[in-house]
Amino acid sequence: MKKSLTTIMFIGGICVASAADALWMRDVKISPEGDKIAFGYKGDIYTVPVTGGEARRLTTLPSYESNPVWSPDGTKIAFASDRHGNFDVFVMDAGGGEATRLTSNSASEIPESFSPDGKDVFFSAAIQNPASSVMFPSARMTEFYAVPVAGGVSRQVLGTPAQAIAFTGKDGSFLYQDVKGFENEWRKHHTSSVTRDIWSYDAKTGTHRNLTDRAGEDRNPVLSPDGKTV
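Residues numbered from 1 in each chain as written. Predicted model: local features only at pLDDT ≥ 70, side-chain atom pairs only at ≥ 80, totals over all residues. Heavy atoms only, no water.

A. Highlighting the environment of Gly-118. The residue Gly-118 is located in the loop between β9 (110–114) and β10 (120–125) in this model. Using a relative accessible area of 23% as the deciding quantity, one classes Gly-118 as partly exposed. Each C-alpha atom of the pair Gly-118 and Val-149 lies 7.7 Å from the other, and the pair is 31 residues apart in sequence. (Helix = DSSP H or I, 4+ residues; strand = E, 2+ residues; numbered from the N terminus. Buried < 20%, exposed > 50% of the residue type's maximum accessible area, 1.4 Å probe, protein only.)

B. Here's a closer look at the side chain of Glu-143. Here Glu-143 shows up in strand β11 (residues 143–148). Although Glu-143 lies buried, it forms no salt bridge, and the closest oppositely charged side chain, Arg-140, sits 12 Å away as judged by the N-O distance. Engagement of the side chain of Glu-143 in a polar contact is seen with the backbone nitrogen of Gln-128, the distance being 2.9 Å. Separated by 2.7 Å, the side chains of Glu-143 and Tyr-145 make a polar contact. (Lys, Arg positive; Asp, Glu negative; His and termini not counted. Salt bridge = Lys/Arg side-chain N within 4 Å of Asp/Glu carboxyl O. Polar contact = N/O pair within 3.5 Å; in protein donor to acceptor, adjacent residues only side chain to side chain.)

C. Fine view of the sheet that holds strand β14 (residues 174–177). Spatial ordering of the open sheet is given by β13-β14-β15-β16, a layout of 4 strands whose pairing is antiparallel. Looking at the sheet topology across the chains shown, the edges are occupied by β13 (163–167) and β16 (207–210). Between one strand axis and the next, the sheet turns through 25° on average, direction left out of account. Judged from the 4 bridges that link them, β14 and strand β15 (residues 198–202) form a sheet pairing that is antiparallel. Each residue of the ladder has a partner; that of Gln-177, found in β15, is Ile-198. (Pairing = 2+ DSSP bridges. Axes fitted to C-alpha atoms, helices over the stretch in contact; angles between N-to-C directions.)

D. Focus on the sheet that holds strand β1 (residues 26–30). Pairing is antiparallel in the open sheet, where 4 strands are placed in the order β1-β2-β3-β4. Since the sheet does not close on itself, it has two edges, and those belong to β1 and β4 (56–57), each with one partner. Bridge count for strand β3 (residues 44–49) against β4 is 2 bridges, and the pairing is antiparallel. Residue pairing in the sheet places Tyr-46 in a bridge with Arg-57 of β4.

E. Geometry of the pattern of salt bridges. Within this structure, the stated rule accounts for 10 salt bridges. With its nearest N and O atoms 3.2 Å apart, the salt bridge here joins Arg-83 to Glu-65. Highlighted residues: Arg-83 in strand β6 (residues 76–84) and Glu-65 in strand β5 (residues 65–70), separated in sequence by 18 residues. A residue is classified by how much of its surface remains accessible, and Glu-65, at 1% relative accessible area, is buried. Overlapping salt bridges bring together Asp-178, Lys-180 and Asp-197 as one network.

F. Quick peek at the nonpolar core. Counting 12 residues, the largest nonpolar core is built from Val-69, Ala-78, Val-89, Val-91, Leu-102, Phe-114, Val-121, Phe-123, Ala-125, Tyr-145, Val-147 and Val-149. Those elements that provide at least two residues to this core are β7 (86–93), β10 and β11. It is β10 that provides the largest number of residues to this core, a total of 3 residues. Those residues in contact with Val-149 that sit more than four places away from it in its chain are Lys-76, Val-91, Leu-102, Phe-114, Gly-118, Lys-119, Asp-120 and Val-121. (Core = buried A, V, L, I, M, F, W, Y, C linked by side-chain atoms within 4.5 Å. Contact = heavy atoms within 4.5 Å.)

Without other data, these values stay purely geometric and don't point to any function.
Next comes the structure, spelled out in structure tokens:
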């Protein structure tokens, strides 16, 4: 019995040590050129070469920074920061430096993508449902907005949730993952009517098409280089 207890304690010690080594890097995004990775770590934004090496810390304030997204030319990074209370969208040079605040609503704004021409940052926020909306007003059921990188007034693009945006062309059409309810996105093996699906949005016609209509979770669409495969 004593030997068995010692063995259990030894295995438990190994598990604790392994857990302590986890870095928990978040919001990983590969640059357009494919040479760098932006990610969040302990509330700051870092970049690191895809070949490995030392990571470079881009933000140093006591606030919490997260959700980095690259501009199409790889020269800028948009991110969310709570340095003024709630999360706002900021943009900075990809090499670091002073960040510019783009949004200031009392709601939390989370960047999803730059526009294909790099002139706008698209973000999710629960600010104001359209008058025609029948959704229950909740911070979980966000709307989709765009704000100029040069600064200016935000505009609502969609009155329904659209996350993990992948633009499919210069006309403003894109792929996205939806949000149907209040299910935890990290729940394993979840199948129900509120699991996420991948949709395509046609900006010319304003129509949405479900690409993964099934009971399981489908998230984070990525477009192939030739634009033919998701």
